[in-house]
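Chain by chain, the residues run as shown.
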Amino acid sequence: MIESASTKPSSPAAVLVIGLSSECSVLDLKSQFEIYGCISWIRIDLSRVGYVTFRSRDFANAAITASLDPSFGITIDSKKVQILLAKDPNSGVGIGSKDNGSSSKLLRAK
């Protein structure tokens, strides 16, 4: 089936990753979340909340769905984390938007 030219790709969407250990790095988040789809940006703030911006809302929804699996969920550093959809993929929505943590635009330092 060929998609029509009027089919618009899903817009970017960000998820919050709550419950990260102090040892968790941006690369740890990348390796855990890239299986759900293309990532455009990752940040971990000083309060140990991760922000992962996917190129598509469908990818973000896939990560959220996986996190809700009662048998497995998503674990990072042997710790189960909570995944929530962020309201604005370009900001740290609601949990202190100051950029004082480690971040990565396409996983490279600025």
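Residues numbered from 1 in each chain as written. Predicted model: local features only at pLDDT ≥ 70, side-chain atom pairs only at ≥ 80, totals over all residues. Heavy atoms only, no water.

S.K.: Help me understand helix 2 (residues 57-67) in this model?
M.R.: An α-helical turn contains 3.6 residues, so any two residues separated by three or four positions project in the same direction. Residues of helix 2 that are buried: A60, A63, I64 and S67. Take helix 2 and look down its axis: the buried residues cluster within an arc of 100 degrees, on one side only. Turned more than 90 degrees away from the buried face of helix 2, the exposed residues are D58 and T65. Along its buried surface, helix 2 packs onto strand 1 (13-18), helix 1 (26-33), strand 3 (50-54), strand 5 (79-80) and strand 6 (82-85). Sitting at the head of helix 2, S56 places a side-chain oxygen 3.1 Å from the backbone nitrogen of D58. (Buried < 20%, exposed > 50% of the residue type's maximum accessible area, 1.4 Å probe, protein only. Helix = DSSP H or I, 4+ residues; strand = E, 2+ residues; numbered from the N terminus. Arc of directions from axis to C-beta. Contact = heavy atoms within 4.5 Å. Polar contact = N/O pair within 3.5 Å; in protein donor to acceptor, adjacent residues only side chain to side chain.)

S.K.: For this particular structure, what's the right way to read the pattern of salt bridges?
M.R.: Between side chains of opposite charge, a pair can form when the charged atoms approach closely. For the coordinates displayed, the defined rule picks out one salt bridge. K30 is the salt-bridge partner of E34, the closest N and O atoms lying 2.7 Å from each other. With a relative accessible area of 39%, E34 lands in the partly exposed category. (Salt bridge = Lys/Arg side-chain N within 4 Å of Asp/Glu carboxyl O.)

S.K.: How should I be thinking about the packing of aromatic side chains in this particular structure?
M.R.: What characterises a pair of aromatic rings is the spacing of the ring centres plus the angle enclosed by the ring planes. Under the defined criterion, the tally for this structure stands at two aromatic pairs. Aromatic side chains F33 and Y36 sit 6.2 Å apart centroid to centroid with 55 degrees between the ring planes, which places their arrangement in the tilted category. With relative accessibility at 0%, the residue F33 sits in the buried group. Taken together, a centroid distance of 6.5 Å and an interplanar angle of 65 degrees make the contact between F33 and F54 edge-to-face. A residue pair is termed long-range when its members are at least 10 positions apart, and F33 in helix 1 and F54 in strand 3 qualify at 21 residues. Both residues of the pair, F33 and F54, count as buried. Feature note: the residues F33, Y36 and F54 constitute an aromatic cluster, connected by ring pairs. (Phe/Tyr/Trp six-rings, centres within 6.5 Å; stacked < 30°, edge-to-face > 60°.)

S.K.: Mind showing me how you'd approach the confidence of the model for the chain here?
M.R.: For the chain, per-residue confidence averages 81 on the pLDDT scale, and 71% of positions sit at 70 or higher. In the model, residues 91-100 has pLDDT below 50 throughout and makes 17 contacts with residues more than four positions away in sequence or in other chains. Across residues 104-110, where pLDDT falls below 50, the model places twelve contacts with residues more than four positions away in sequence or in other chains. (pLDDT = per-residue confidence, 0-100.)

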